[in-house]
Number of protein chains: 2
Amino acid sequence: MKNDAKIGFVGLGIMGRPMAAHLLEAGFSVIVNDINPEPIKELVSKGASEARSPKEVAAASDHVITMLPDSPDVQAVALGDNGLIEGVRPGMIYADMSTIAPTAAVEVAQRLGAKGVRCLDAPVSGGQVGAQEATLSIMVGGEQAVFDDFMPVLAKLGKTVTLCGPSGAGQTVKACNQIQVAMNFVGMAEALVLGAKAGVDPAIIVKVLSGGYAQTRVMDVRGPRVVKGDFEPGFRGRFHYKDLNIIMKTALDYGVPLPATAVVHELFTAMLAKNRGDLDHSGIITVIEDMAGVQARTKNG
Amino acid sequence: MKNDAKIGFVGLGIMGRPMAAHLLEAGFSVIVNDINPEPIKELVSKGASEARSPKEVAAASDHVITMLPDSPDVQAVALGDNGLIEGVRPGMIYADMSTIAPTAAVEVAQRLGAKGVRCLDAPVSGGQVGAQEATLSIMVGGEQAVFDDFMPVLAKLGKTVTLCGPSGAGQTVKACNQIQVAMNFVGMAEALVLGAKAGVDPAIIVKVLSGGYAQTRVMDVRGPRVVKGDFEPGFRGRFHYKDLNIIMKTALDYGVPLPATAVVHELFTAMLAKNRGDLDHSGIITVIEDMAGVQARTKNG
């Protein structure tokens, strides 16, 4: 791929906006589209050009990236009226970096693949900070040759880029990641609430557990903040809820019972029902706290 | 405390046996008792003396340690006929290092406290290897002065010794630890089984998740073995099941709902029902695998 290849970019939210900017900084020509005019203006001021629909983005670009909220958005942008599918040409690469259902990713790849488009699903973890600092972890599904050909672009967006398997595998591994992260948070929440109601300082629980076999990265990063009641996002609860909906849909698609994750999903449903979806996902502890009638807050600092 | 103080030790199982041996090596006089004659013989051959009941242990010792399977065992040894309570003297320290219900620990401490005994609950994590290598993490509940006075003994058994709060707090933090560890294992299990059924190599899932926000120490240690079907214990599933029973009892005692831990408890009930309690606790994945009709095994090594 040439360093000045034309990269289409649809979806300029808190993730897509800094990602598209990194591609501009790296010397790519970037053609942008979004339903919101404001980030388009910003990126055009940095040298991007605007296209008026996903179809026009595809027609004007060598390759296309999408970074959208959920499966229906990707299906509409890729396959809908004035969608990418109406503007694509054989041989171009399409990488969807949104987090969507693996089965939706496979469907999109098959439909565009029938037009000769070489598709990757390439969801990320690392959140807003990872997007801003180009330190995302990128989980890729697709063919090795397409992965290799698109690496010059992905390498400008993330620190760790892993080919996880065929089409859909990137989304599957992202779903696995979000299961584990959610379970780690709920484990911390139930442990701290039980401990607090039994009269132990939650800060001591975090300290002891972090030093042993119970250690998790989410406890290292968020435990000391949780016990102070600091739920500044990070990654918002409503985004993790969305991911849990994808996970439960995926479990349904593949016929896999997920008994503990299903309960975790319900707890996030409660977090949203309590209008706490804009807290960091560590704020799931407040749901357990409400149920138990106690807050897991340290009195020391 | 003098370096040659007489330490009573009741409970010489896979944990207590090497712990008592460490105290002998450190120069303490050790008076042992167990329902099994075999480890008594071994420890007597190393210089310990035998007492024929917990009562006799208490009468012959300056301080006493117990290391027993569960709450009823500790209650019987400490408070029952021919129990410690019949042989104790004011001022001696009693440290129960078993993992039992926090409320049971508080009850024992109150009953022996009424006789002037200075009690600590001091459960451990680190398992058989930690006991053998004297690298246990010890979580202590009790008074600061008693903790300080008993440190010369505890320091010979563990690497990290933490005063967690008043009587019962050590057991509470141990319960919290076992919640988090169990949730981390079940999170890994559900993630790997979903991923495997969706066609992704579980070894790749472990690699990607370990490198990011989903990282847990149990995945670092056990993930690469789980995907090879290696469930050699470690810490046996039936011991974690016992701890989960304590946790659910504790949740009942303190009035704390633990929705996700309750499901995890049921999954360990299934692990025991399938006669897999002697697998490492990471073997909980086999319960999810059976439910999903798939095994999460790598094909690459």
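Along each chain, residues carry numbers from 1 onward, in the same order as the chain's sequence is written. The naming scheme follows written order: chains are lettered A onward, ligands numbered 1 onward. In keeping with the predicted nature of the model, local features appear solely for residues at pLDDT of at least 70, side-chain atom pairs appear and are counted solely at 80 or more, and the whole-chain, interface and lining totals rest on all residues. The basis for every side-chain value is the complete set of non-hydrogen atoms in the structure, without hydrogens or water.

1. Overview of the relation of the copies chain B and chain A
- The copies were overlaid with a least-squares fit restricted to C-alpha atoms from residues scoring a pLDDT of at least 70 in each copy. With an RMSD of 0.0 Å, the fit of chain B onto chain A corresponds to turning through 180° and sliding 0.0 Å along the axis. Such a combination of rotation and displacement between the chain copies is what one expects of a two-fold axis. Within chain B, the C-alpha atom positioned nearest to the axis of rotation is that of Thr216 of chain B, 2.1 Å from it.
- Mapped onto chain A, 98% of the interface residues of chain B again fall at the interface, so both copies present the same surface. Every residue pair with non-hydrogen atoms within 4.5 Å of one another is taken to be in contact.

2. With respect to the domain arrangement of chain A
All names here are of chain A.
- Taken domain by domain, chain A consists of domain 1 (6-166) and domain 2 (173-292).
- The distance between the C-alpha centroids of domain 1 and domain 2 comes to 29 Å.
- Taken together, the contact pairs 13 residues of domain 1 with 11 residues of domain 2.
- Across the domain 1 to domain 2 interface the summed buried area is about 1000 Å²; carbon plus sulfur atoms make up 67%.
- Any Lys or Arg side-chain nitrogen located within 4 Å of an Asp or Glu carboxyl oxygen qualifies as a salt bridge. Taken together, the connections running from domain 1 to domain 2 amount to 0 salt bridges.
- Distance and chemistry together define a polar contact, namely a pair of N or O atoms within 3.5 Å, with one atom able to donate a hydrogen and the other to accept it when in protein, and with adjacent residues in sequence counting only for side-chain atoms on both sides. Where domain 1 touches domain 2, the interface holds 5 residue pairs in polar contact (both at pLDDT 80 or more). As used throughout, domain bounds are those supplied by an automatic or database domain assignment. Accessible area that two parts lose when put together, evaluated with a 1.4 Å probe and summed over both, is termed the buried area.

3. Re the interface of chain B and chain A
- Taken together, the contacts link 61 residues of chain B with 60 residues of chain A.
- Our enumeration of links across chain B and chain A arrives at 0 salt bridges.
- Elements are defined by DSSP. Helices are runs of H or I of four residues or more, strands are runs of E of two residues or more, and each kind is numbered from the N terminus. Ranked by the residues each element gives to the side of chain B that touches chain A, the list is headed by helix 8 (residues 169-197) of chain B, at 21 residues.
- Grouping the amino acids of the side of chain B that touches chain A by side-chain chemistry returns 40 nonpolar, 16 polar and 5 charged. Any residue outside Ala, Val, Leu, Ile, Met, Phe, Trp, Tyr, Cys, Pro, Asp, Glu, Lys and Arg is labelled polar, Gly included; the first ten of those are nonpolar and the last four are charged.

4. As for the pairing of strand 8 (residues 136-141) of chain A
Residue and element names in this part refer to chain A.
- The classification of residues rests on relative accessible area computed with a 1.4 Å probe and restricted to protein chains. Under 20% of the type maximum is buried, over 50% is exposed, and intermediate values are partly exposed. Most of strand 8 sits out of view: 6 of its 6 residues are buried.
- Because side chains alternate across strand 8, one face comprises the buried residues Leu136, Ile138 and Val140, and the other comprises Ser137, Met139 and Gly141, equally buried.
- By the convention used here, strands pair only if DSSP detects at least 2 bridges between them. With 2 bridges joining them, strand 7 (residues 124-125) and strand 8 adopt antiparallel strand pairing. Bridging across to strand 8, Ser125 finds its partner in Ser137.
- Relative to strand 9 (residues 158-165), strand 8 runs parallel, the two being bridged by 6 bridges.

5. Brief notes about the packing of helix 8 of chain B against helix 13 (residues 285-292) of chain B
All names here are of chain B.
- Here an axis means a line fitted to C-alpha atoms, over the contact stretch when the element is a helix, while the angle between two N-to-C directions is reported on a 0 to 180 degree scale. The interhelical angle for the contact between helix 8 and helix 13, taken along N-to-C directions, is 35°, at an axis separation of 9 Å. Crossing of helix 8 over helix 13 shows right-handed handedness. In this structure, helix 8 uses Ala189, Glu190, Leu192, Val193 and Lys197 to contact helix 13, whose residues at the interface are Ile285, Ile288, Glu289 and Ala292. Crossing handedness: left-handed means the near helix sits turned counterclockwise from the far one by under a right angle, and right-handed means the same turn made clockwise.

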